[in-house]
Amino acid sequence: MRVRKAVLPVAGLGTRFLPASKVVPKELFPIVDKPILEIIIDELIDSGIEKILLVIRRGKEIISQHFDINYELQENLKEFSKFELLEKINSSNLASKITLIKQSQPLGFADAISFSKDFVCGEPFILCTGDELVVNENKNCIKQLIDAYERTNKSIVGVSFTPDDELHNYGIVDFERVGKYFQIKDIVEKPFINAPSNFAINGKYLMQSDIFEIIENQKNQIAGELLFTNCLLELARQGNAIGCEIIGKRYDTGDKFGFIKANIEYGLKDKNVSIKLKKYLRSVVNEL
Ligand code: UTP
């Protein structure tokens, strides 16, 4: 079945970015001049995704405004012939492709996913966090996930090769190699020692709709916080979780250091900023 839908849970509290994220959702923070969420959505559209569900919460309604038409601004830019800027805001007018639903309480990523069951309606779907970027200018991350799904017909978990000193930040997979892909055997959350591999889950997935049944069962079985990792482990136990190494540079923008790194590296590629930024960075390095 062709992959047409995507679900993006963006209802989190974003506590690592307080006070900035108290009112402004961290998913709307800019990487140079484009919100993180818009970068993710552009990639989805570019990969043939037609319908996107954003799972938000009370207080994050401003996210829908960003993807809606702003006539006043549009007219102003037209009047002053600012066509390059007009093009930028027109490309963020995506309201017809985006639907929103509210998670009742911020009870975690897996709980947020459960709100998308009716939208998904039995189809395979892309699932992304609202704060992780994996950049590959040749074949984007979503196309790599779709490719893996078409070849294996199983649920796909995106993973990124990660250096030893960063493994303690992520879920790390243990696996058996099956050709180009990994049959996931186990996932160890944020290991400080004895990580089973150097492959970290990177917030990019392509799920089959049986994940909803697994989430519901886990909700009934486990008291306390429902972890998506536990749902993935159940999927792995059923032999239906395939790891796919996503080729590309990963930025975890939900983390301050990751956010700053992304801004520097995107800035180095931005035609208006690049030269000044390079000069500035060289001067800073000399002062270190
Ligand atoms: P994070 O683990 O980054 O959590 O969520 P968070 O709450 O956003 O941020 P911190 O850790 O407090 O700083 C990963 C993704 O899952 C969404 C977030 O919005 C983010 O895109 N999420 C998280 C939900 O949709 N609902 C939740 O209850 C929790």
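Quick note: structure is the one above.
Numbering of residues begins from 1 in every chain and follows the order in which that chain's sequence is written. The predicted origin of the model limits local features to residues at a pLDDT of at least 70 and limits the giving and counting of side-chain atom pairs to 80 or more, whereas totals for whole chains, interfaces and linings rest on all residues. Computation of side-chain values: all heavy atoms of the structure, hydrogens and water removed.

## Side note on the packing of helix H8 (residues 211–221) against helix H9 (residues 228–237)
Across the interface, H8 lies against H9 with an axial gap of 9 Å and an inter-helix angle of 120 degrees. On the basis of their axis angle, the class for H8 and H9 is oblique. The hand of the H8/H9 crossing is right-handed. For the pair formed by H8 and H9, the contact residues are Ile211, Ile214, Ile215 and Gln218 on the first element and Phe228, Asn230, Cys231, Glu234 and Leu235 on the second. Simply put, an axis is a line fit to the C-alpha atoms, just over the touching stretch for a helix, and the angle between two N-to-C directions goes from 0 to 180 degrees. By the criteria applied, helices consist of DSSP H or I runs no shorter than four residues and strands consist of E runs no shorter than two, each listed in order from the N terminus. Any angle between 65 and 115 degrees counts as roughly perpendicular, while under 35 counts as roughly parallel, over 145 as roughly antiparallel, and the rest as oblique. In this scheme the handedness of a crossing depends on how the near helix is turned from the far one: anticlockwise by less than a right angle means left-handed, clockwise means right-handed. Throughout, a contact is declared for two residues whenever any of their heavy atoms are within 4.5 Å.

## Overview of H8
Exposed residues in this analysis have more than 50% of their type's maximum accessible area, buried residues have under 20%, and partly exposed residues fall in between, with area computed by a 1.4 Å probe over protein chains only. Among the residues of H8, those classed as buried are Ile211, Phe212, Ile214, Ile215 and Gln218. What you see down the axis of H8 is that its buried residues fit within an arc of 160 degrees, all on one side. Residues Glu213, Asn220 and Gln221 are exposed on H8 and point more than 90 degrees away from its buried face. Residues of H8 that are buried sit in contact with helix H5 (109–114), helix H6 (117–120), strand S6 (125–128), strand S11 (199–207) and H9. Think of the arc as the fan of directions from the helix axis to the C-beta atoms.

## A few points about the packing of aromatic side chains
Classification of ring pairs uses Phe, Tyr and Trp, with its six-membered ring standing for Trp, and accepts pairs whose centres are within 6.5 Å; under 30 degrees between planes counts as stacked, over 60 as edge-to-face, and the remaining range as tilted. The full count for this structure, using the stated rule, is 12 aromatic pairs. Judged by centre distance (5.4 Å) and plane angle (75 degrees), the ring pair of phenylalanine 17 and phenylalanine 259 falls under edge-to-face. Within this pair, whereas phenylalanine 17 is found in the loop between strand S1 (5–9) and strand S2 (30–31), its partner phenylalanine 259 is found in helix H10 (residues 256–269), the two being separated by 242 residues in sequence. Across this residue pair, the class does not change: phenylalanine 17 and phenylalanine 259 are buried. Taken together through their ring pairs, the aromatic side chains of Phe161, Phe175, Phe182 and Phe199 make up a single cluster. Throughout this description, the term charge over a ring refers to an Arg CZ or Lys NZ atom that lies within 6 Å of the ring centre and within 35 degrees of the ring normal. When the ring centre of phenylalanine 119 is taken as origin, the NZ or CZ atom of lysine 5, which lies over that ring, is 5.5 Å away. The lysine or arginine in question, lysine 269, covers the ring of tyrosine 266, its NZ or CZ lying 5.2 Å from the ring centre.

## Considerations on the side chain of serine 21
Mapped onto the elements of the fold, serine 21 is located in the loop between S1 and S2. What makes serine 21 buried here is its relative accessible area of 7%. Excluding residues within four positions of it along the chain, serine 21 makes contact with Leu13, Gly14, Lys26 and Phe29.

## Digging into the nonpolar core
Residues belong to a common nonpolar core when they are buried Ala, Val, Leu, Ile, Met, Phe, Trp, Tyr or Cys residues joined through side-chain atoms within 4.5 Å. Counting residues in each nonpolar core, the largest one holds 43 residues, and the members touching the most others are Leu8, Ile41, Leu44, Ile52, Leu54, Ile126 and Leu133. Residue assignment for this core shows that the elements contributing at least two residues are S1, helix H1 (36–46), strand S4 (51–56), S6, strand S7 (132–135), helix H7 (141–152), strand S12 (241–245) and H10. Among residues more than four places away in sequence, those in contact with isoleucine 41 are Leu8, Ile52, Leu54, Phe67, Leu94 and Ile98. In terms of nonpolar packing, the next biggest core, distinct from the first, is built from 31 residues, Ile184, Phe228, Cys231 and Leu235 among them.

## Notes on the environment of lysine 143
Its location among the elements puts lysine 143 in helix H7. Between the C-alpha atoms of lysine 143 and glutamate 43, which are 100 residues apart in sequence, the distance is 8.9 Å. Ignoring any residue separated from it by four or fewer positions in sequence, one finds lysine 143 in contact with Asp46 and Ser47.

Function-wise, these values are silent; they only describe arrangement.
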